[in-house]
Amino acid sequence: MLRQRLDLKRTIARAVIGRLIGLSVLSGLIVLAGCVGRPMPLDWQPASRGLPAPATVLAVATDPARPDLMLASVLAPPGLYRSQDRGATWERVGDELAGRIAHALLIAPAAPDVVLAGTSDGLWRSTDRGRTWQPVGPNVPQPVALPAGLERQGRSVYSLQAGPDAALYLAGEDARIWRSADAGVSWQPLAPLPAGTAVLALAFAPDGRRLLAGTDGAGLFRSDDAGLSWRLAADVPATFVAGLWFDAAADGLAYARTRAGLFRSTDDGDHWGHVPLEPLNSKGQIYCRDIREVPGNPRHLWLAAGSGFISDLGILLRSRDGGESWTQVDVGGPVPHTMFKVAFDEHRPNLMSCATNGGEVWTSRDAGESWTAQPPPPGGTQIYALARG
């Protein structure tokens, strides 16, 4: 299925100050409210007033300059919702998108009234903070017709990003990455990837000179000419590459999260090495789901992993040397599902949380030295995104 091939890649932004936000498959958006010094356990509070129940939330977008504004994409039935009070209440918007699944949402940094939605029916754009929408074209290709039953098609848009050059970028089934220099009004295609496959992940080097693209089963590619040409990263196998990350504080350091494990580069992606982590499945691999650096300390990294996308074994790993070596962290008990997400309070990095895709959540107040289990989100059985405030 399309959603499984995407590894259910979800995005949630830090939008509710002083809270831990979880995205649960059955219960939509849920907030774990609390503050420093409050006794454990904390209580989950639904942030889904106005969303359909139950709600599978696929994507969330916020405006860092105006955090009151949030947009959320719901899977079944497909729909787009907007909050103007930091998620306390939601209203349905974008009737023009009826029947279309929004895989990705982005508020344009240089034009905050402009919102983009990457959908199962191509790219759509709003100029009134998400209230009404228009399809973007004709130069961005749209599908010939919607498939029966919302199945996979050839023009879905999976990723929307703002680049270091202030331009916007999109990627999806087209096997080409598209660039816009005018807040999404017009788009120009970059060179197609030689693999001719879907593009799932993009990452820019801190200086903006290198662009990495992760594909759906064909491996990792890099470009040094703003996407006019591509070269295969031969050190990474032809596999599903769904996560890419450059460390802006460490010159040349980059990571690729794949189904074949975690890969690391120390030269901006020229060469890659497989990170030697203990295998957890019968294929001799470990499924790496999320990697995060400690805010303000880029040499300290955390990795959420398991034996597979759906599994009965999860682990939390820690590195104190920029990813050269890793140790497993004890969260106080067994982890019965794949560890999926790690989140930090950006202003108090000793406060952190982790969660599995089976709904388990743990919180640490001492930079991961000790952990406390949190109650699961009410009515939710899976967590695919986490944010800590």
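Just so you know, these numbers come straight off a predicted model, no measurement behind them. (Residues numbered from 1 in each chain as written. Predicted model: local features only at pLDDT ≥ 70, side-chain atom pairs only at ≥ 80, totals over all residues. Heavy atoms only, no water.)

A. Structural view of the overall build of the chain. Each helix and strand counted, the chain has one helix and 32 strands in total. The buried share among the 389 residues of the chain stands at 58%. Taking contacts inside the chain between residues at least 6 apart in sequence as the whole, the part at least 24 apart equals 46%. Counting every atom, the chain has about 15600 Å² of accessible surface; 52% of that belongs to carbon and sulfur. (Helix = DSSP H or I, 4+ residues; strand = E, 2+ residues; numbered from the N terminus. Buried < 20%, exposed > 50% of the residue type's maximum accessible area, 1.4 Å probe, protein only. Contact = heavy atoms within 4.5 Å. Areas by Shrake-Rupley, 256 points an atom, 1.4 Å probe, with all protein chains shown as cover.)

B. Summary view of the pattern of salt bridges. In total, this model carries 14 salt bridges according to the counting rule given. The partner of K341 in a salt bridge is D290, and the shortest N-O contact between them spans 3.9 Å. Placement of the pair is K341 in strand β28 (residues 339–344) and D290 in strand β24 (residues 287–294), with a sequence separation of 51 residues. As far as the burial class goes, K341 and D290 line up, both buried. When salt bridges that share partners are traced, they join R210, R222, D224 and D270 into one network. (Salt bridge = Lys/Arg side-chain N within 4 Å of Asp/Glu carboxyl O.)

C. Here's a closer look at the confidence of the model for the chain. Taken residue by residue, the chain gives an average pLDDT of 79. The fraction at 70 or more is 79%. The weakest mean pLDDT in the chain belongs to helix α1 (residues 2–5) at 34; the strongest belongs to strand β27 (residues 327–329) at 95. Every residue in residues 30–41 scores below 50 in pLDDT, and together they form 42 contacts with partners more than four places removed in sequence or on other chains. Contacts from residues 141–154, a stretch scored under 50 in pLDDT, to residues over four places away or in other chains number 31 contacts. (pLDDT = per-residue confidence, 0-100.)

D. Fine view of the sheet that holds strand β30 (residues 361–364). Strand order across the open sheet formed by four strands is β28-β29-β30-β31, with antiparallel pairing between neighbours. Each edge of the open sheet carries a strand with a single partner, namely β28 and β31 (372–374). On average, each strand axis in the sheet is tilted by 25° relative to the strand beside it, whichever way the strands run. Note that β28 and strand β29 (residues 352–356) share five bridges and pair antiparallel. Paired with V342 across the two strands is C354, which belongs to β29. (Pairing = 2+ DSSP bridges. Axes fitted to C-alpha atoms, helices over the stretch in contact; angles between N-to-C directions.)

E. Seen up close, the side chain of T119. You can see T119 is positioned in strand β9 (residues 115–119). Under the relative-accessibility criterion, T119 is labelled buried at 0%. From its side chain, T119 meets the backbone oxygen of G122 in a polar contact 2.8 Å long. (Polar contact = N/O pair within 3.5 Å; in protein donor to acceptor, adjacent residues only side chain to side chain.)

F. Structural context of the sheet that holds β27. The four strands are arranged β24-β25-β26-β27 in an open sheet whose pairing can be described as antiparallel. Unpaired on one side and paired on the other, β24 and β27 mark the two borders of the sheet. Here the strands of the sheet are splayed against their neighbours by 30° on average, with no regard to which way each runs.

G. Geometry of the nonpolar core. Formed by 17 residues in total, the largest nonpolar core has its most connected members in L262, L277, I286, L303 and W326. Secondary-structure elements contributing two or more residues to this core are β24, β25 (297–306) and β26 (314–319). With three residues, the top contributor of residues to this core is β25. (Core = buried A, V, L, I, M, F, W, Y, C linked by side-chain atoms within 4.5 Å.)

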